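Understanding the architecture of this molecule
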Amino acid sequence: RYGLRPMPDRWMDAWAGRLKTMLPKGRPLSSGPAIFRRLRTFIGRLRRAGVTVIPSTDAAGWNPFSAPGATLHRELAILKGCGYTNRELLAMATSGAAKALHREWEFGSIAPGRSADLLLLRANPLDDLANLRRIETIFLRGRPYDPARLRP
C-alpha cells in the first residue's frame, strides 16, 4: 500500500527479521493504539509550541516496512491528524526539511541554482494530500521524466 513493491528482497528479508524482534509472539503490542494516541497528542503539543517537526520516514535500513519516499505519504496523513494544515505539511517536507539540514541554499524550494528535482502534479495538494500521488511529470536534475517510465 505504501510503496513496498517492488523492494529489494534483501530489504524485505531484513524487515521481516526486525519485525520479529519488535513484535512479541508475532503480534502487535496491545499497548500500540494507546502509544499512538499519546504520540499524536505529543506532536500536537509540539505544533502548538512552535517546535520544528520534519517528516522523515525513510529510514529503510532500520524501520521495518518503511519504504523510502513512499511512506512519507502515510506520515503526512498522520501529521495532518495532529492538526497540521496541508500547506504546513508541504512546507515541512520541502523547505522545512532543507532548513533543518542547513541545506536550504541547495534544495527545498524552486529558485535559480538549486537542485531541480520536483514533481509536476495533476491536482493541487493544498486541496488534498492524496494529490501528491497524481504525478504528471518528474523532474530529476532539471530533466523531465514520465513517471510510468521510471517504474520497474
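Everything discussed here concerns the structure shown above.
So, a few notes on the structure that sits alongside this text.

What counts, and at which threshold
- Residue positions are given per chain, counting from 1 as you read along its sequence in written order.
- This being a predicted model, a pLDDT of at least 70 is required before a residue's local features are given, and a value of 80 or more before pairs of side-chain atoms are given or counted; all residues contribute to the totals for chains, interfaces and linings.
- Side-chain calculation: all heavy atoms of the structure are included, whereas hydrogens and water are not.
- Elements are defined by DSSP. Helices are runs of H or I of four residues or more, strands are runs of E of two residues or more, and each kind is numbered from the N terminus.
- We call a residue buried when its accessible area falls under 20% of the maximum for its residue type, exposed when it is over 50%, and partly exposed in between, using a 1.4 Å probe and counting protein chains only.
- Contacts: residue pairs with any heavy atoms within 4.5 Å of one another.
- The convention used is that axes are lines fitted to C-alpha atoms, helices contributing only their stretch in contact, and that angles between N-to-C directions extend from 0 to 180 degrees.
- Each angle is binned into one of four classes, with values under 35 degrees roughly parallel, values over 145 roughly antiparallel, values of 65 to 115 roughly perpendicular, and all other values oblique.
- Two helices crossing with the near one rotated counterclockwise from the far one by less than a right angle form a left-handed crossing, whereas a clockwise rotation gives a right-handed crossing.
- Residue classes follow a fixed rule: Ala, Val, Leu, Ile, Met, Phe, Trp, Tyr, Cys and Pro count as nonpolar, while Asp, Glu, Lys and Arg count as charged, and any other residue, Gly among them, counts as polar.
- Here the rule is simple: two strands pair whenever DSSP picks up at least two bridges between them.
- Among the buried residues, those of types Ala, Val, Leu, Ile, Met, Phe, Trp, Tyr and Cys that are joined through side-chain atoms within 4.5 Å form a nonpolar core.

This next bit is on the overall build of the chain. In terms of helices and strands, the chain carries five helices and three strands. In the chain, the order of α-helices and β-strands from amino to carboxyl end is α-α-α-α-β-β-β-α. Across the 152 residues of the chain, 24% fall into the buried class. Expressed as a percentage of contacts within the chain between residues at least 6 apart in sequence, the contacts between residues at least 24 apart total 46%.

Here the focus is the packing of helix H3 (residues 72-80) against helix H4 (residues 86-100). One can describe the packing of H3 onto H4 by two numbers: an axis separation of 10 Å at closest approach and a directional angle of 135°. One element, H3, and the other, H4, form an angle in the oblique class. Of the two elements, H3 crosses H4, and the hand of that crossing is right-handed. Contact residues: H3 offers Leu-76, Leu-79 and Lys-80, while H4 offers Asn-86, Leu-89, Met-92 and Ala-93. Residues belonging to the contact of H3 with H4 are distributed by class as follows: five nonpolar, one polar and one charged.

For strand E1 (residues 118-121) and strand E2 (residues 135-140), the ladder comprises four bridges, and the chain directions are antiparallel. If you follow Leu-121 over to E2, its bridge partner there is Ile-135. Across three bridges, E2 lies against strand E3 (residues 143-145) in antiparallel orientation. Each residue of the ladder has a partner; that of Leu-140, found in E3, is Arg-143. Hairpin connection, E2 to E3: the antiparallel pair is bridged by two residues, and Arg-141 has positive phi, about 55°.

Counting 11 residues, the largest nonpolar core is built from Ile-43, Val-53, Leu-76, Leu-79, Cys-82, Tyr-84, Leu-89, Leu-90, Met-92, Leu-129 and Leu-132. Of all the secondary-structure elements, those providing two or more residues to this core are H3 and H4. Per-element tally for this core: the top contributor is H4, with three residues. Residues in contact with Ile-43, not counting those within four places in the same chain, are Leu-79, Cys-82 and Tyr-84. Counting residues in each nonpolar core, the second largest holds five residues, with Met-7, Met-12, Trp-15 and Ala-70 among its members.

Moving on, we come to the side chain of Thr-137. Position of Thr-137 relative to the elements: it lies in strand E2. In this view, Thr-137 contacts Leu-118, Leu-119, Leu-120, Pro-144, Tyr-145 and Pro-147; residues no more than four positions away in its chain are not counted.

What follows deals with unusual backbone geometry. Negative phi characterises most residues that are not glycine, and trans characterises most peptide bonds. Its identity as a non-glycine residue notwithstanding, His-102 has a phi of 55°, on the positive side. Mapped onto the fold, His-102 is located in the loop between H4 and E1. The phi dihedral of Arg-141 is positive, around 55°, even though this residue is not glycine. Note that Arg-141 resides in the loop between E2 and E3.

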